[in-house]
There are 2 protein chains.
Amino acid sequence: MAAMAQNVVPPRGMRDFLPAQKRQRERVLQTIREAFSDHGFSEIETPVMEDAARLHAGLGGDNEKLAFAVMRRGLGPDDLRTAENPLDLADLGLRFDLTVPLARFIATNRGSLPPVFRSIQIAPVWRAERPQKGRYRQFIQCDIDISGEAGIVAELELLTATGDALRRLGLTDAFIRVNDRRLLFAVLDAASVPAEQQERALITVDKLDKIGDDGVVAELTESGLDGERVMGIIRALAAGQVPDDIDESALAAIRDLLDADCGVRLEFDPSLVRGMGYYTGAIFEIAHPELSYSIGGGGRYDGMIGRFSGTDVPAAGISFGFERLVDLVDIAGDGTETVGLVVDKKVPAQELVATKRSLVESGRKVLVANRARNVQSVLEQLSALGATHFAFVRPGDSADALEIKPLD
Amino acid sequence: MAAMAQNVVPPRGMRDFLPAQKRQRERVLQTIREAFSDHGFSEIETPVMEDAARLHAGLGGDNEKLAFAVMRRGLGPDDLRTAENPLDLADLGLRFDLTVPLARFIATNRGSLPPVFRSIQIAPVWRAERPQKGRYRQFIQCDIDISGEAGIVAELELLTATGDALRRLGLTDAFIRVNDRRLLFAVLDAASVPAEQQERALITVDKLDKIGDDGVVAELTESGLDGERVMGIIRALAAGQVPDDIDESALAAIRDLLDADCGVRLEFDPSLVRGMGYYTGAIFEIAHPELSYSIGGGGRYDGMIGRFSGTDVPAAGISFGFERLVDLVDIAGDGTETVGLVVDKKVPAQELVATKRSLVESGRKVLVANRARNVQSVLEQLSALGATHFAFVRPGDSADALEIKPLD
């Protein structure tokens, strides 16, 4: 039995959360949840599993390959021999994002939902990626989406709620890069990139951060496209100019966005692409001057939500990169006095329980630790559990008699 | 594509939660979480998956058979031919309870945890049971556990926290049936049931609710045991007598429990067994006079938590039957004024967003719905989303100009 102790760890790429970590995570999530909820979004929940066929319907892009597959129940040895492919043995899978489940949820429940539906989903997703620093196989996504609204009011509501959430998290310097897929396609049209090569060209432009301006030009040129022209137009747009061959109407949507006051700084970035193929209009990326990576993003993705219902449903959404945010922000506790009791082992059980009850009834939180020779280490344990105050409890001490002191 | 719409449902036995349901569930969970937390328990989290070998180590009883198995990644057709058993293809599984993960968590993290650790786990578990009314394949468990404490103070702290949670849920008539496995074994000893038949005898006594006193006597007698004697002793204990052949010492623990004031009514039930085999001392079952089923239970299970670390760790816990509670209780909202805006379609997007922001900044929650011919149905939608008030928004209306009225 002792041999088992060698390797008692969570599954690869997945994490346990100790009390202090869990408390921090819940505070940040609660802050985000409240901001979204105050702005008219309603939290929903779907099961962690979806039918395998639905997860692999092509809405998830490359993430589909990373799905954890759940085996059919009641399989026997014969099923192994007749299956041609391991996935034939799986009927369910763990979701790899919250967008496929949302599309399914709206198709399932549309009779019970308002025509324009603003949803919050704060929930874990699973991807069997090669584990590396900062990348996990189970992680939380925080998504808000508006389905059923084709107008720009959807984008403005999403940006306003996002701005307020960032503010409440103390990320007041955060800003949002905005662009529009329709503008990107107008740029590619102006540079004579044929329609069938435009998606691939966008994948190259998306690498700008990594390979730089010259790298993008080179890669486009290698593909037989006019890379210099593509980047020339993008550079001009970034400098506030409108090249002759870009129609003003292609800029109308982005201008409307930039003109609005959403309580958060918006920055037009004509080279912003966002990886996922399903965006159809405005696209967003949440940025912070002190961070080299984005802390969220989203955009309009008309045509996707309706895939499972067969009805066209316009939609837009933003996803917060919670795992990238959680360690950046410092959210204070709710101010409840949390008293760590350091209890002498001679205190009778019933007496201790009466003291705890009495302190809880007075509006405090109570933590308990047994007194040990190293009192300092006991106080540190209590602090890690969230204690703001402490008191020693000896036999015969009633709650009123305790000397409660701040813990620093 | 339209054909898919026929069958767009969550996986069998699993549920979507619409906004009103999700809100109710979160309120009840938050009430339970706060009660437990106030009484010194700390929330932790483990991944939803554990190694398959760990899930099937014999700690989960019959539930092990109900685990959803997760396939190894990167399997090819060859793996199917060489596998002897479908489970050879699975390396992970979804947890079927929170006790196996807790045992693993404590083994993994014991260097970072206090010697006596009071944990809260509020999280979903999965069991591939035959779906039926009130039984789901994904459901929430709410567990508190104390590990590292062998004394009765652990039981008293668990009962006190449970009592307070029940009170905060408004279940003031709830009470807790208590018994002790050691007393049950003393009863079986007194009735000359051989040690090797005692576990099976307890399974029969556990059926008392279903098959009645006579049924239990008959089944024990059929097994060649003195059923009349077993039930005679239990009846005497229930009537407050101590039969000659039951030693007072076997009753000492239960008397200590019953003498304590945990803020919740305790009722000695000498026939209480609790299904799971791993209990070693006190056992509990949360009951309510108006309900025919229990709404939670637990007990002491020394020897189990230590299974993965190889060290003996005494432990006791109580699990709330959240899915059985959630529809019984009525938790009020937090009192935040939630204004449903009924918006004329001529209101410019930017104007609406400014109004929303202004109302949120004044401390309100805001919901939005488009004005439709049937205003009553729009108000009902807003109410389902949690609106307590409503206001009509016309073009040019600023937030200050809105006439906000209660929604009833």
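Residues numbered from 1 in each chain as written. Chains lettered and ligands numbered in written order. Predicted model: local features only at pLDDT ≥ 70, side-chain atom pairs only at ≥ 80, totals over all residues. Heavy atoms only, no water.

A. Focus on the overall build of chain A. Scanning chain A from terminus to terminus reveals 13 helices and 15 strands. Across its three principal axes, chain A shows a C-alpha extent of roughly 85 × 60 × 45 Å. In chain A, buried positions account for 57% of the 408 residues. Sequence separation of at least 24 residues holds for 68% of the intrachain contacts in chain A that already meet a minimum separation of 6. Across chain A, the centroid of the 47 positively charged side chains sits 9 Å from that of the 62 negatively charged ones. (Helix = DSSP H or I, 4+ residues; strand = E, 2+ residues; numbered from the N terminus. Buried < 20%, exposed > 50% of the residue type's maximum accessible area, 1.4 Å probe, protein only. Contact = heavy atoms within 4.5 Å. Lys, Arg positive; Asp, Glu negative; His and termini not counted. Charge placed at Lys NZ, Arg CZ, Asp CG, Glu CD.)

B. Spotlight on the relation of the copies chain A and chain B. Of the two same-sequence chains, chain A is brought onto chain B (RMSD 0.0 Å, axial shift 0.0 Å) by a rotation of 180°. Expressed as a symmetry operation, the mapping of one chain copy onto the other fits a two-fold axis. Relative to the rotation axis, the closest C-alpha in chain A is found at Val 70 of chain A, a distance of 2.2 Å. Most of the interface of chain A is mirrored in chain B: 100% of its interface residues are interface residues there too. (Least-squares fit on C-alpha atoms with pLDDT ≥ 70 in both.)

C. Structural context of empty space enclosed by the protein. As enumerated under the stated definition, the model contains four cavities of 30 Å³ or more in all. Taken as a whole, the largest cavity spans an internal volume of roughly 80 Å³. The wall of the largest cavity is formed by Gly 40, Ser 42, Pro 114, Val 116, Phe 117 and Arg 118 of chain A together with Leu 367, Val 368, Ala 369, Gln 381, Leu 382 and Leu 385 of chain B. Of all the secondary-structure elements, those providing two or more residues to the lining of the largest cavity are strand S5 (117-126) of chain A together with strand S13 (365-370) and helix H13 (375-384) of chain B. Element by element, the count of residues in the lining of the largest cavity is highest for S13 of chain B, at three residues. (1 Å grid on protein atoms, 1.4 Å probe; cavity = no way out; pocket = protein on both sides within 12 Å on 5 of 7 lines; lining within 4 Å. Points joined across faces, edges and corners; volume = space filled by probe spheres on them.)

D. Region of the structure containing unusual backbone geometry. At Arg 274 of chain A, a position not held by glycine, the phi torsion is positive, near 65°. Mapped onto the elements, Arg 274 of chain A comes out in the loop between strand S8 (265-268) and strand S9 (282-287).

E. Layout of the sheet that holds strand S13 (residues 365-370) of chain A. Residues and elements named next belong to chain A. An order of S13-S12-S14-S15 is seen for the four strands of this open sheet, with the pairing classed as mixed. Every interior strand has two partners, whereas the edge strands, S13 and strand S15 (405-406), have only one. Here two bridges tie strand S14 (residues 389-393) to S15, and the two strands are oriented antiparallel to one another. If you follow His 389 over to S15, its bridge partner there is Pro 406. (Pairing = 2+ DSSP bridges.)

F. Layout of the side chain of Arg 95 of chain A. All names here are of chain A. Relative to the helices and strands, Arg 95 resides in the loop between strand S4 (90-94) and helix H4 (99-109). No salt bridge is formed by the buried Arg 95, whose closest oppositely charged neighbour, Glu 50, lies at an N-O distance of 6.3 Å. In terms of polar contacts, Arg 95 uses its side chain to reach the backbone carbonyl oxygen of Pro 124, at 2.8 Å. When sequence neighbours within four positions are dropped, the list of residues in contact with Arg 95 reads Thr 46, Pro 47, Val 48, Leu 55, Pro 101, Ala 123, Pro 124, Val 125 and Trp 126. (Salt bridge = Lys/Arg side-chain N within 4 Å of Asp/Glu carboxyl O. Polar contact = N/O pair within 3.5 Å; in protein donor to acceptor, adjacent residues only side chain to side chain.)

G. Representation of the side chain of Thr 99 of chain A. Relative to the elements of secondary structure, Thr 99 of chain A occurs in helix H4. Not counting residues up to four positions away in its chain, the partners in contact with Thr 99 of chain A are Asp 143, Tyr 278, Tyr 301 and Met 304 of chain A.

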